[in-house]
Structure formats: structure tokens, C-alpha cells
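Chain by chain, the residues run as shown.
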Amino acid sequence: MKATVCCIVAVVPLTSRPWRRIRPASADDAAGIVSVLGAVAGERVHSAIDRAWTIDQERRYLKSLSPREIVHVAVDERSEIVGLQILDRWSTLESMAHVGQLGTFVLAAERRRGVGHQLRNATLPFARQAGYRKLVIQVRSGNAPAQAFYQGIGFRECGRLGRQVVIDGQEDDELLMELFL
Ligand SMILES: CC(C)(COP(=O)(O)OP(=O)(O)OC[C@H]1O[C@@H](n2cnc3c(N)ncnc32)[C@H](O)[C@@H]1OP(=O)(O)O)[C@@H](O)C(=O)NCCC(=O)NCCS
């Protein structure tokens, strides 16, 4: 009698996208957030942030957020923060209470694996529920990946601030992008 060989074939996508857990940050996340922001600032080319706040400054900021403001963090299987998205008010003026500003930061090793979209999926519903009717971001003009990311989630370019950022002697414009919710 012939032996029957049975094999189970698992279909694994070629581009594996590990699912990161998204949750609101608390003041206890200050160190993890500073670590991500410090790494992005250290790359020098993506953000106008040239150095991260201290952990104490970040903790104070997190504690200062109003119920309409939030930082979402993406955490890996070891509960380490690998990315974050900040939503806060564009201005304290009541006339602009409907406008939020967004910032998104993902560690280099985690980029283009869907983390930014996962963060968006948490933050945009929060923004709508919190009464924002539009979101605005400022993106360095040299940061094509971030512009592509924001365009992909519905932002459109609406202005440019010339020579707005100088880091290590290098000038960069900043693009303004907006999304009506
Ligand atoms: C911009 C950023 C937040 C995007 O997050 P992410 O987790 O990489 O984004 P996602 O994987 O969810 O989405 C990827 C999409 O964004 C766009 N994108 C991201 N990186 C890109 C790149 N290097 N080139 C072209 N498009 C890119 C594409 O539309 C891409 O979709 P695709 O992979 O199907 O082509 C992340 O790259 C980052 O943190 N960069 C450094 C910090 C920064 O620039 N922050 C923005 C400051 S305003």
C-alpha cells in the first residue's frame, strides 16, 4: 500500500504586514514617544522637529491634552512604541476650533508596512467625533514619502511656506496640506 503524504500549505503574502496594536497614549508613554521622535529627528530630513522634547516635556504635553486632542501609538508584540500620530488643535482661537493638526511618525524599520494607515484608521474617526471639520499638516517639501502618504489618505496640497525650515544649514520649504472631514 502506498504511503499517503499529507501536507498543509500556508499561504503567506509576499509583503508581510505585521499588525500593530493602536491605542491612545498616556503620560506613561512619554519615554517611548520621545524615543520615536528622537529617532526621526536624528534622520534630519523628514520633519521640522530637529530634536525631540525631553521625557518630562513630553509627559507634560501628554497631560495637557484636552478631550478633543489625542496621541495614538502603534505598539509591537513586545509593547514597544514603533509609531505615533498626534492630533491637536491648530489654534486656540474659537474661530478655528473646527481645525485640527496632524503629525505622524513611524520608526524607519516599520515604514511602508501599513502602520501609518492603522494610525489614520484610529485618529480620523476620533477627529470626526471630536467635532473637527478639517485637518491641516505641514510637510517638508523634500519629504516626498510623507506627501505620498498624506495624499493617499485624502489630503491635498493647499500652500507652501518658503524656506520655512533650516536644519544643519539646509533650507527647506514646507507644504501645507488639508483634508476636509
Ligand atoms: C510618512 C509616514 C508616517 C508614513 O507611514 P507608513 O507607516 O510608512 O505608511 P503606510 O505604510 O501606512 O502607507 C504607505 C503609503 O504611503 C506612501 N508612501 C510611504 N512611503 C513612501 C515612499 N518611500 N515612497 C512613496 N510612497 C510612500 C505610499 O502611498 C504608500 O502606499 P504603498 O506602500 O501602497 O505604495 C512614515 O513614512 C514616517 O514616519 N516617515 C518619517 C517621518 C515623517 O516623514 N513624518 C511626517 C512628517 S509631516
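Residues numbered from 1 in each chain as written. Predicted model: local features only at pLDDT ≥ 70, side-chain atom pairs only at ≥ 80, totals over all residues. Heavy atoms only, no water.

Enquirer: Sorry, what's going on with a nonpolar patch on the surface here?
Expert: On the surface, Trp 90, Leu 93 and Met 96 cluster together to form a nonpolar patch covering roughly 250 Å² of accessible area. Along the chain, the position of Leu 93 falls in the loop between β3 (81–89) and β4 (99–106). Accessibility expressed as a relative area gives 48% for Leu 93, which makes it partly exposed. (Patch = residues over 30% accessible without salt bridge, like charges linked within 9 Å, V, L, I, M, F, W, Y side chains within 5 Å. Areas by Shrake-Rupley, 256 points an atom, 1.4 Å probe, with all protein chains shown as cover. Salt bridge = Lys/Arg side-chain N within 4 Å of Asp/Glu carboxyl O. Helix = DSSP H or I, 4+ residues; strand = E, 2+ residues; numbered from the N terminus. Buried < 20%, exposed > 50% of the residue type's maximum accessible area, 1.4 Å probe, protein only.)

Enquirer: Looking at this structure, I do not really get the nonpolar core. What am I missing?
Expert: Here is a general trend for soluble globular proteins: nonpolar side chains tend to be buried in one another's company. By size, the foremost hydrophobic cluster in this structure holds 18 residues, and its most contacted members are Leu 87, Leu 102, Leu 135, Ile 137, Tyr 150 and Phe 155. Every element with two or more residues in this core is listed here: α3 (115–129), β5 (134–140), α4 (144–152) and β7 (170–180). Once residues lying within four places of it in the same chain are set aside, the contact partners of Phe 155 are Leu 102, Leu 135, Val 136, Ile 137, Tyr 150, Met 177, Glu 178 and Leu 179. Counting 15 residues, the second largest nonpolar core, distinct from the first, contains Val 36, Leu 65, Val 73 and Ile 86. (Core = buried A, V, L, I, M, F, W, Y, C linked by side-chain atoms within 4.5 Å. Contact = heavy atoms within 4.5 Å.)

Enquirer: Teacher, can you tell me more about the site of the ligand here?
Expert: Surrounding the ligand, one finds 20 residues, the nearest of these being Thr 104, Val 106, Arg 112, His 117 and Asn 143. Between Arg 112 and the ligand, the recorded distance is 2.7 Å, taken from a backbone N or O atom to an oxygen atom. In the environment of the ligand, an oxygen atom lies 2.7 Å from a nitrogen or oxygen atom belonging to the side chain of Asn 143. Taking 910 Å² as the accessible area of the ligand by itself, protein coverage stands at 79%. Here the shell around the ligand gets five residues from one element, more than from any other, and that element is α4. Class assignment for the residues of the shell around the ligand results in nine nonpolar, seven polar and four charged. (Near = heavy atom within 4 Å. Polar contact = N/O pair within 3.5 Å; in protein donor to acceptor, adjacent residues only side chain to side chain. Nonpolar A, V, L, I, M, F, W, Y, C, P; charged D, E, K, R; others polar.)

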